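The chain contents come next:
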Amino acid sequence: MTRTICLAVAVTALTASSANAAIIDWQAELQRCRELRASVAPLLQAGEGISAVGRSNRSVRRCIWIQRMAVRKKVPGAETW
C-alpha cells in the first residue's frame, strides 16, 4: 500500500514538472529576441545572410522559432523576422 502511494506521488510530481516546463513566457522571449536581433543586425548589414547567421548561432535559430510560434498564436508584440 505504501509503495503504491509513493509511486503515485512520484508520477504526479513528474507529470506536474513536465507540464510546467512547456510554459513559455512569451513577452520575455520576445524581448530577448529583439535584443538579439539588434546585435545580429550589424552582421546582416555587413553582408552575412540570415541563414548563415542562423545556422551558426543556436539562440538565433530559437528566436526565429519563437517569433514564428508567437505570430501563429497571435501573441501581442510578435512580428516576423
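What you are looking at is a predicted structure, and each value in this text was computed from that prediction instead of being measured.

Cut-off values and rules
- Residues numbered from 1 in each chain as written.
- Predicted model: local features only at pLDDT ≥ 70, side-chain atom pairs only at ≥ 80, totals over all residues.
- Heavy atoms only, no water.
- Salt bridge = Lys/Arg side-chain N within 4 Å of Asp/Glu carboxyl O.
- Helix = DSSP H or I, 4+ residues; strand = E, 2+ residues; numbered from the N terminus.
- Buried < 20%, exposed > 50% of the residue type's maximum accessible area, 1.4 Å probe, protein only.
- Core = buried A, V, L, I, M, F, W, Y, C linked by side-chain atoms within 4.5 Å.
- Contact = heavy atoms within 4.5 Å.

Caption draft 1: Geometry of the pattern of salt bridges. All chains considered together, the criterion is met by 2 salt bridges. A salt bridge links R32 to E29; the shortest N-O distance between them is 2.9 Å. On the criterion of helical spacing, the pair formed by R32 and E29 is a turn pair, its members being 3 residues apart in helix α2 (residues 26-45). With a closest N to O distance of 3.3 Å, R62 and E29 form a salt bridge. With R62 in helix α4 (residues 58-72) and E29 in helix α2, this residue pair connects regions lying 33 residues apart in the sequence. With relative accessibility at 35%, the residue R62 sits in the partly exposed group.

Caption draft 2: Up close: the nonpolar core. Counting residues in hydrophobic clusters, the biggest one holds 12 residues: W26, L30, C33, L36, V40, V60, C63, I64, I66, M69, A70 and V75. Broken down by secondary-structure element, the contributors of at least two residues to this core are α2 and α4. Those residues in contact with I66, other than ones at most four positions away along the chain, are I24, W26, E29, L30 and C33.

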